[in-house]
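Structural description and commentary
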Amino acid sequence: MSDIEFSVTSGVALLRLNRPAKLNTVTSSMAADLTQYASECRQNEDIRVVVLTGAGDKAFCAGSDVKELDVYDSPWAFRNRDDYCDTIRAIPKPVICAVNGYAFGGGLELCLNSDIRLASTNATFCAAEIKLGWIGGGGVTYLLTHNIGYSNAAKMVLSGEPIDATQALAWQLISEVHPAEELQDAAMSLAEMISERAPIAAQTAKSNLRAAYA
(Lines give C-alpha, C1' and ligand atoms only; values in the text may rest on other atoms or scores of the structure.)
Protein backbone atom coordinates (compact mmCIF):
# COMPACT_ATOMS: atom_id res chain seq x y z
CA MET A 1 0.00 0.00 0.00
CA SER A 2 1.32 3.43 -0.96
CA ASP A 3 2.15 6.00 1.71
CA ILE A 4 0.45 8.61 -0.49
CA GLU A 5 -3.02 8.05 -1.94
CA PHE A 6 -3.97 10.05 -5.02
CA SER A 7 -7.27 10.05 -6.89
CA VAL A 8 -9.23 12.41 -9.12
CA THR A 9 -13.02 12.64 -9.19
CA SER A 10 -15.11 15.28 -10.98
CA GLY A 11 -12.32 17.82 -11.15
CA VAL A 12 -11.17 17.31 -7.54
CA ALA A 13 -7.84 15.68 -6.72
CA LEU A 14 -7.61 13.98 -3.32
CA LEU A 15 -4.11 13.79 -1.83
CA ARG A 16 -4.06 11.68 1.33
CA LEU A 17 -1.01 11.03 3.50
CA ASN A 18 -1.36 7.33 4.25
CA ARG A 19 0.95 6.41 7.09
CA PRO A 20 -1.42 6.51 10.06
CA ALA A 21 0.60 4.14 12.25
CA LYS A 22 3.39 6.78 12.16
CA LEU A 23 1.02 9.76 12.47
CA ASN A 24 1.44 10.39 8.74
CA THR A 25 4.99 11.67 9.25
CA VAL A 26 6.63 12.39 5.90
CA THR A 27 9.56 10.34 4.63
CA SER A 28 11.87 11.28 1.76
CA SER A 29 10.03 8.91 -0.57
CA MET A 30 6.70 10.45 0.43
CA ALA A 31 8.09 13.93 -0.28
CA ALA A 32 9.17 12.75 -3.73
CA ASP A 33 5.71 11.28 -4.36
CA LEU A 34 4.05 14.52 -3.23
CA THR A 35 6.24 16.39 -5.71
CA GLN A 36 5.13 14.05 -8.48
CA TYR A 37 1.44 14.32 -7.61
CA ALA A 38 1.64 18.09 -7.23
CA SER A 39 3.09 18.23 -10.73
CA GLU A 40 0.12 16.19 -11.96
CA CYS A 41 -2.22 18.64 -10.23
CA ARG A 42 -0.52 21.56 -11.97
CA GLN A 43 -0.46 20.04 -15.45
CA ASN A 44 -3.73 18.12 -15.60
CA GLU A 45 -6.38 20.54 -16.87
CA ASP A 46 -9.14 18.26 -15.60
CA ILE A 47 -8.02 18.94 -12.02
CA ARG A 48 -9.46 22.19 -10.72
CA VAL A 49 -9.19 21.84 -6.92
CA VAL A 50 -6.99 19.79 -4.58
CA VAL A 51 -8.00 18.37 -1.19
CA LEU A 52 -5.13 17.48 1.14
CA THR A 53 -5.73 15.29 4.19
CA GLY A 54 -4.35 12.41 6.23
CA ALA A 55 -5.42 8.82 6.82
CA GLY A 56 -6.74 7.68 10.17
CA ASP A 57 -8.33 9.60 13.00
CA LYS A 58 -5.29 10.65 15.04
CA ALA A 59 -3.20 12.80 12.76
CA PHE A 60 -3.27 14.88 9.61
CA CYS A 61 0.54 15.01 9.69
CA ALA A 62 3.04 15.15 12.55
CA GLY A 63 5.75 16.60 10.29
CA SER A 64 8.88 14.98 8.95
CA ASP A 65 9.98 11.54 10.08
CA VAL A 66 13.03 12.63 12.08
CA LYS A 67 14.14 9.01 12.46
CA GLU A 68 14.90 9.05 8.74
CA LEU A 69 17.49 11.84 8.88
CA ASP A 70 20.32 9.29 8.76
CA VAL A 71 19.42 8.37 5.16
CA TYR A 72 20.99 11.64 3.98
CA ASP A 73 24.71 11.41 3.23
CA SER A 74 25.45 15.04 4.08
CA PRO A 75 23.81 18.30 5.14
CA TRP A 76 23.78 19.26 1.45
CA ALA A 77 21.81 16.14 0.58
CA PHE A 78 19.28 17.07 3.25
CA ARG A 79 19.21 20.68 2.04
CA ASN A 80 18.53 19.60 -1.55
CA ARG A 81 15.77 17.10 -0.75
CA ASP A 82 12.24 17.47 -2.12
CA ASP A 83 10.52 19.94 0.22
CA TYR A 84 6.93 18.87 0.66
CA CYS A 85 5.76 22.29 1.88
CA ASP A 86 7.19 23.98 -1.23
CA THR A 87 5.46 21.31 -3.30
CA ILE A 88 2.02 22.22 -1.94
CA ARG A 89 2.73 25.97 -2.08
CA ALA A 90 3.58 25.70 -5.79
CA ILE A 91 0.20 24.29 -6.84
CA PRO A 92 -1.54 27.18 -8.67
CA LYS A 93 -5.02 25.73 -8.17
CA PRO A 94 -7.05 26.08 -4.97
CA VAL A 95 -5.89 23.70 -2.22
CA ILE A 96 -8.20 22.77 0.66
CA CYS A 97 -6.63 21.15 3.73
CA ALA A 98 -8.77 18.88 5.91
CA VAL A 99 -6.95 18.62 9.24
CA ASN A 100 -7.99 15.41 10.98
CA GLY A 101 -6.03 15.33 14.23
CA TYR A 102 -2.43 16.41 14.82
CA ALA A 103 -0.96 19.11 12.58
CA PHE A 104 2.48 19.33 14.16
CA GLY A 105 5.74 20.75 12.79
CA GLY A 106 5.83 20.21 9.05
CA GLY A 107 2.19 19.16 9.21
CA LEU A 108 1.27 22.62 10.47
CA GLU A 109 3.33 24.11 7.64
CA LEU A 110 1.59 21.87 5.11
CA CYS A 111 -1.81 23.17 6.11
CA LEU A 112 -0.52 26.76 6.26
CA ASN A 113 0.60 26.40 2.64
CA SER A 114 -2.94 25.44 1.64
CA ASP A 115 -5.55 28.05 0.75
CA ILE A 116 -8.55 26.98 2.83
CA ARG A 117 -8.24 25.03 6.07
CA LEU A 118 -10.99 22.96 7.67
CA ALA A 119 -10.47 20.94 10.84
CA SER A 120 -12.04 18.18 12.90
CA THR A 121 -13.07 18.84 16.48
CA ASN A 122 -10.10 16.78 17.68
CA ALA A 123 -7.53 18.67 15.58
CA THR A 124 -4.52 20.23 17.30
CA PHE A 125 -1.91 22.55 15.84
CA CYS A 126 1.66 22.92 17.05
CA ALA A 127 4.95 24.48 15.97
CA ALA A 128 6.87 22.01 18.08
CA GLU A 129 10.35 22.33 16.56
CA ILE A 130 11.74 24.64 19.24
CA LYS A 131 11.49 21.74 21.71
CA LEU A 132 13.96 19.89 19.48
CA GLY A 133 16.32 22.85 19.22
CA TRP A 134 15.34 24.33 15.86
CA ILE A 135 12.45 26.09 14.10
CA GLY A 136 10.37 25.04 11.13
CA GLY A 137 11.81 25.51 7.66
CA GLY A 138 8.59 25.39 5.63
CA GLY A 139 7.50 28.97 6.21
CA VAL A 140 5.93 28.66 9.66
CA THR A 141 7.07 32.02 11.06
CA TYR A 142 5.94 34.03 8.03
CA LEU A 143 2.73 32.11 7.46
CA LEU A 144 1.63 31.99 11.10
CA THR A 145 2.31 35.70 11.58
CA HIS A 146 0.23 36.59 8.55
CA ASN A 147 -2.60 34.26 9.57
CA ILE A 148 -2.96 34.76 13.31
CA GLY A 149 -0.97 37.90 14.12
CA TYR A 150 2.47 38.46 15.58
CA SER A 151 1.69 37.82 19.26
CA ASN A 152 -0.24 34.61 18.67
CA ALA A 153 2.39 33.35 16.22
CA ALA A 154 5.17 34.19 18.67
CA LYS A 155 3.35 32.31 21.42
CA MET A 156 3.07 29.19 19.27
CA VAL A 157 6.59 29.26 17.83
CA LEU A 158 8.41 30.20 21.04
CA SER A 159 6.51 27.90 23.39
CA GLY A 160 6.15 24.90 21.10
CA GLU A 161 2.81 24.20 22.79
CA PRO A 162 -0.29 23.06 20.85
CA ILE A 163 -3.61 24.81 20.39
CA ASP A 164 -6.91 23.02 19.83
CA ALA A 165 -9.43 23.50 17.04
CA THR A 166 -11.52 25.97 19.05
CA GLN A 167 -8.53 28.24 19.58
CA ALA A 168 -7.41 27.81 15.98
CA LEU A 169 -10.85 28.93 14.80
CA ALA A 170 -10.84 31.93 17.14
CA TRP A 171 -7.41 32.94 15.81
CA GLN A 172 -8.59 32.42 12.19
CA LEU A 173 -6.00 29.75 11.54
CA ILE A 174 -8.85 27.64 10.16
CA SER A 175 -12.20 28.49 8.56
CA GLU A 176 -14.47 25.76 9.91
CA VAL A 177 -14.63 22.96 12.49
CA HIS A 178 -16.53 19.72 11.81
CA PRO A 179 -17.07 16.43 13.63
CA ALA A 180 -14.31 14.05 12.59
CA GLU A 181 -16.67 11.76 10.69
CA GLU A 182 -17.99 14.71 8.63
CA LEU A 183 -14.72 16.48 7.85
CA GLN A 184 -13.81 14.84 4.55
CA ASP A 185 -17.33 15.19 3.20
CA ALA A 186 -17.29 18.89 4.10
CA ALA A 187 -13.93 19.38 2.38
CA MET A 188 -15.00 17.49 -0.73
CA SER A 189 -18.31 19.35 -0.91
CA LEU A 190 -16.50 22.69 -0.80
CA ALA A 191 -13.97 21.47 -3.36
CA GLU A 192 -16.72 20.34 -5.73
CA MET A 193 -18.42 23.72 -5.43
CA ILE A 194 -15.21 25.59 -6.23
CA SER A 195 -14.46 23.18 -9.10
CA GLU A 196 -17.67 24.36 -10.77
CA ARG A 197 -16.39 27.92 -10.92
CA ALA A 198 -14.47 29.22 -13.93
CA PRO A 199 -11.03 27.57 -13.58
CA ILE A 200 -8.91 30.40 -14.96
CA ALA A 201 -10.76 32.86 -12.72
CA ALA A 202 -10.20 30.60 -9.71
CA GLN A 203 -6.47 30.35 -10.39
CA THR A 204 -6.21 34.09 -11.00
CA ALA A 205 -8.12 34.75 -7.78
CA LYS A 206 -5.67 32.54 -5.89
CA SER A 207 -2.73 34.37 -7.43
CA ASN A 208 -4.21 37.73 -6.51
CA LEU A 209 -4.98 36.56 -2.97
CA ARG A 210 -1.39 35.42 -2.55
CA ALA A 211 -0.15 38.78 -3.87
CA ALA A 212 -2.39 40.67 -1.45
CA TYR A 213 -1.26 38.40 1.37
CA ALA A 214 2.38 39.24 0.77
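Heads up: these notes are all about the structure in this document. Every value quoted in this text rests on a predicted model; they were computed, and no experiment measured them. (Residues numbered from 1 in each chain as written. Predicted model: local features only at pLDDT ≥ 70, side-chain atom pairs only at ≥ 80, totals over all residues. Heavy atoms only, no water.)

Points about empty space enclosed by the protein
With the rule as written, the count across this model stands at one cavity of 30 Å³ or more. Each pocket or cavity is described by its volume, and for the largest cavity that value is around 40 Å³. For the largest cavity, the full set of lining residues is R48, V49, P94, I194, S195, R197, P199, A202 and Q203. When residues of the lining of the largest cavity are traced back to their parent elements, those giving at least two are α8 (183–195) and α9 (199–213). (1 Å grid on protein atoms, 1.4 Å probe; cavity = no way out; pocket = protein on both sides within 12 Å on 5 of 7 lines; lining within 4 Å. Points joined across faces, edges and corners; volume = space filled by probe spheres on them. Helix = DSSP H or I, 4+ residues; strand = E, 2+ residues; numbered from the N terminus.)

Thoughts on the state of the cysteines
On inspection of all chains with the given rule, the structure shows zero disulfides. Of the cysteine sulfurs around C97, a residue in no disulfide, the closest is that of C111, at 5.0 Å. Judged by relative accessible area, which is 0%, C97 ranks as buried. (Disulfide = S-S within 2.5 Å. Buried < 20%, exposed > 50% of the residue type's maximum accessible area, 1.4 Å probe, protein only.)

What about the environment of T53?
Summarising the element assignment, T53 is placed in strand β3 (residues 49–54). On the accessibility criterion, T53 (4% relative accessible area) is buried. For the pair T53 and A32, spaced 21 residues apart in sequence, the C-alpha to C-alpha distance is 17 Å. With residues up to four places along the chain from it excluded, the contact list for T53 reads L14, L15, R16, L17, F60, A98 and N100. Within the local environment of T53, its side chain forms a polar contact with the side chain of N100, the two groups lying 3.2 Å apart. (Contact = heavy atoms within 4.5 Å. Polar contact = N/O pair within 3.5 Å; in protein donor to acceptor, adjacent residues only side chain to side chain.)

Some words on the pattern of salt bridges
Across all of its chains, the model carries five salt bridges by this definition. In this structure, the salt-bridge partner of D115 is R210, at a minimum N-O distance of 3.1 Å. Remark: R210 occurs in helix α9 and D115 occurs in the loop between α4 (106–112) and β7 (116–120); sequence separation between them is 95 residues. Since its relative accessible area comes to 28%, D115 is described here as partly exposed. For R210, a relative accessible area of 28% gives the class partly exposed. For E161, the salt bridge identified is with K131, shortest N-O distance 2.7 Å. Of this pair, E161 sits in the loop between α6 (150–159) and β9 (163–164) while K131 sits in the loop between β8 (124–126) and α5 (140–148), and the two are 30 residues apart along the sequence. (Salt bridge = Lys/Arg side-chain N within 4 Å of Asp/Glu carboxyl O.)

Here's the deal with the sheet that holds β3
Across the sheet, which stays open at both edges, the six strands sit in the order β1-β2-β3-β5-β7-β10 with mixed pairing between neighbours. Because the sheet does not close on itself, it has two edges, and the strands there are β1 (4–9) and β10 (176–178). Each strand axis lies, on average, 20° off the axis of its neighbour in the sheet, ignoring direction. With three bridges joining them, β7 and β10 adopt parallel strand pairing. Residue pairing across strands places A119 opposite V177, the latter belonging to β10. Its contacts with the sheet put α8 on β2 (12–17), β3, β5 (95–99), β7 and β10, and the angle it makes with β7 is roughly 160°. (Pairing = 2+ DSSP bridges. Axes fitted to C-alpha atoms, helices over the stretch in contact; angles between N-to-C directions.)

Some words on α6
Inspection of α6 places A153, M156 and V157 among the buried residues, and these make up the whole buried set. Angularly, the buried residues of α6 cover 90° about the axis, an arc narrow enough to put them on a single face. Opposite the buried face of α6, by more than 90 degrees, sit the exposed residues S151, K155 and L158. Of the surrounding elements, those touching the buried residues of α6 are α4, β8, α5 and β9. (Arc of directions from axis to C-beta.)

Focus on a nonpolar patch on the surface
Side chains of V66, L132 and W134 sit close together on the surface and give an oily, nonpolar patch of about 300 Å² of accessible area. The topology assignment puts V66 in the loop between β4 (59–61) and α2 (75–79). Note on V66: relative accessible area 43%, which makes it partly exposed. (Patch = residues over 30% accessible without salt bridge, like charges linked within 9 Å, V, L, I, M, F, W, Y side chains within 5 Å. Areas by Shrake-Rupley, 256 points an atom, 1.4 Å probe, with all protein chains shown as cover.)

Considerations on the packing of α5 against α6
Two elements in contact, α5 and α6, have axes separated by 7 Å at closest approach and are oriented at 135°. The orientation of α5 with respect to α6, classified from their angle, is oblique. Between α5 and α6 lies a crossing whose hand is right-handed. Touching T141, L144, T145 and I148 of α5 are Y150, N152, A153, M156 and V157, all from α6. (Parallel < 35°, antiparallel > 145°, perpendicular 65-115°, else oblique. Left-handed = near helix turned anticlockwise from the far one by under 90°.)

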